[in-house]
Amino acid sequence: MRRKGGKIVKKILCFGSLNIDYTYRVPHFVSKGETLAASSLTLFSGGKGLNQAIALAKAGAPVYMAGAIGQDGLFLVEQLAGAGVDVSFVSVRTDVRTGNAIIQNDDAGDNCILLYGGANRSITRAQVDEVLAHFSAGDFLLLQNEINELGYIIEQAHACGMRIIFNPSPMENDLLTLPLKQVDCFLVNEKEAAQLLQKATIEPADTEKQCMLLAQKFENAMVVLTLGENGAMLAKNKEIFFQPAYRVETVDTTGAGDTFSGFLIAGLLYGLSIQEALRQAAAASAIAVTRPGAAMSIPGQDEVADFLRERK
Ligand code: RIB
């Protein structure tokens, strides 16, 4: 437990993926049967777990990363540590390679991603038990859907009284079989929200209603619904808050959602009001989309403060 500005802050454990992102710049996304030349290839640090842990640390939160890499991913651990993340719980495997993502980044800054789980899918129950033994009631656990053993992690963390924040991304129908009633906060986009509600899609005019429906379905949870360029909304205790997105020049949207999540969680834990925390998160993700890469694009607290001052 640490103290910040007179407020006690519990530990945050991010149990998630660490990826090497192979990012290809393309004029458009490659389609079936097509061979397309990329104008550049850059290797970035990524993985939703790593990105969100770095965003939390850059927003000033005490964050611990747990996960697994192969020998080829040691630079990811250095990047996490450099950003202030505690990396004691990242295992280095000798028999499997680090997870990776093949990312196509087009001229509009949009992306499409092919994931290979690698070491991210080698989490064992023994590792989960070992890691969770260092955390206790009131500490926070942040999860995404890029590692295996999610059900076991949720059950064990809930049993020891941790507060669970879940970003079910990338979404799969199998996730509906997880003990989701034990989740305290969902971070979802429209597609993920639709799948959690078992609906085909959510119409733009319907987002507020769907956000509330999700909060009703998981009645003990706070729901954060991100809407890309249309901003974000948060439902808590039957109240709904809305935050528009800031308009910026888009270079690469990879990791923008992770940046939003990290800054939002840190803001809420450090006692910002919901509206202030949403504003800080929107500013951080707006800065992130103006830069290439995932983890590398995440701004520091000072940059976020400057950005917000300029827009007052
Ligand atoms: O959210 C962005 C991340 O998704 C990328 O860094 C990539 O690794 C994939 O996990």
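In the block above lies the structure referred to throughout.
The paragraphs below set out a description of the structure included in this document. (Residues numbered from 1 in each chain as written. Predicted model: local features only at pLDDT ≥ 70, side-chain atom pairs only at ≥ 80, totals over all residues. Heavy atoms only, no water.)

Overview of the packing of aromatic side chains
Inspection of the entire model under this criterion finds five aromatic pairs. Judged by centre distance (5.4 Å) and plane angle (85 degrees), the ring pair of Y64 and F135 falls under edge-to-face. Here the residue Y64 occupies a position in strand β6 (residues 63-70), and F135 occupies one in the loop between α3 (125-132) and β10 (140-144), the gap between them amounting to 71 residues. Residue Y64 is classed as buried on the basis of its relative accessible area, which comes to 17%. Three or more aromatic residues joined by ring pairs make a cluster, and in this case those are Y64, F89 and F135. Note that K11 overlies the ring of Y64, its terminal NZ or CZ placed 5.6 Å from the centroid. (Phe/Tyr/Trp six-rings, centres within 6.5 Å; stacked < 30°, edge-to-face > 60°. Helix = DSSP H or I, 4+ residues; strand = E, 2+ residues; numbered from the N terminus. Buried < 20%, exposed > 50% of the residue type's maximum accessible area, 1.4 Å probe, protein only. Lys NZ or Arg CZ within 6 Å of the ring centre and 35° of its normal.)

Digging into the pairing of strand β12 (residues 185-189)
Of all five residues in β12, four are buried, a share of seventy percent or more. Where strand β11 (residues 163-167) and β12 come together, two bridges link them in parallel fashion. Note that in β12 the partner of F166 across the bridge is F186. (Pairing = 2+ DSSP bridges.)

Quick word on the side chain of Q52
Following the sequence through the fold, Q52 ends up in helix α1 (residues 48-58). Overall, the relative accessible area of 0% leaves Q52 in the buried class. Polar side-chain contacts of Q52 include one of 2.9 Å to the side chain of N167. (Polar contact = N/O pair within 3.5 Å; in protein donor to acceptor, adjacent residues only side chain to side chain.)

Things to note about the site of the ligand
The local shell around the ligand holds 14 residues, among which D21, G47, K48, E146 and D258 are the closest. Within the contact set of the ligand, an oxygen atom lies 2.7 Å away from a side-chain nitrogen or oxygen of D258. Within the complex, 96% of the 280 Å² of free accessible area of the ligand lies under protein. For the shell around the ligand, the elements supplying multiple residues, two or more each, are β4 (19-25), α1 and β9 (111-116). Partitioning the shell around the ligand into residue classes produces four nonpolar, six polar and four charged. (Near = heavy atom within 4 Å. Areas by Shrake-Rupley, 256 points an atom, 1.4 Å probe, with all protein chains shown as cover. Nonpolar A, V, L, I, M, F, W, Y, C, P; charged D, E, K, R; others polar.)

Topic: the packing of helix α8 (residues 274-289) against helix α9 (residues 301-310)
Following both chains from N to C, one finds α8 and α9 inclined at 100 degrees, their axes separated by 9 Å at the closest point. Put simply, α8 runs roughly perpendicular to α9. Contact residues: R279, Q280, A283, A284, A286 and I287 in α8; E303, V304, F307 and L308 in α9. Considered class by class, the residues forming the contact of α8 with α9 number seven nonpolar, one polar and two charged. (Axes fitted to C-alpha atoms, helices over the stretch in contact; angles between N-to-C directions. Parallel < 35°, antiparallel > 145°, perpendicular 65-115°, else oblique. Contact = heavy atoms within 4.5 Å.)

Topic: the side chain of S17
Inspection of the secondary structure assignment puts S17 in the loop between β3 (12-15) and β4. Within polar-contact distance, the side chain of S17 engages the backbone nitrogen of K48 at 3.1 Å. Here E146 takes part through its side chain, which lies 2.6 Å from a polar atom of the side chain of S17.

With respect to the sheet that holds strand β5 (residues 40-46)
Pairing is mixed across the open sheet formed by four strands, whose spatial order is β5-β4-β8-β9. Edge positions in the sheet fall to β5 and β9, since each of these pairs with one other strand and no more. Geometrically, the sheet is characterised by an average inter-axis angle of 20 degrees between neighbouring strands, direction not taken into account. Those strands touched by helix α2 (residues 74-82) are β4 and β5, and its axis lies near 60 degrees from that of β5.

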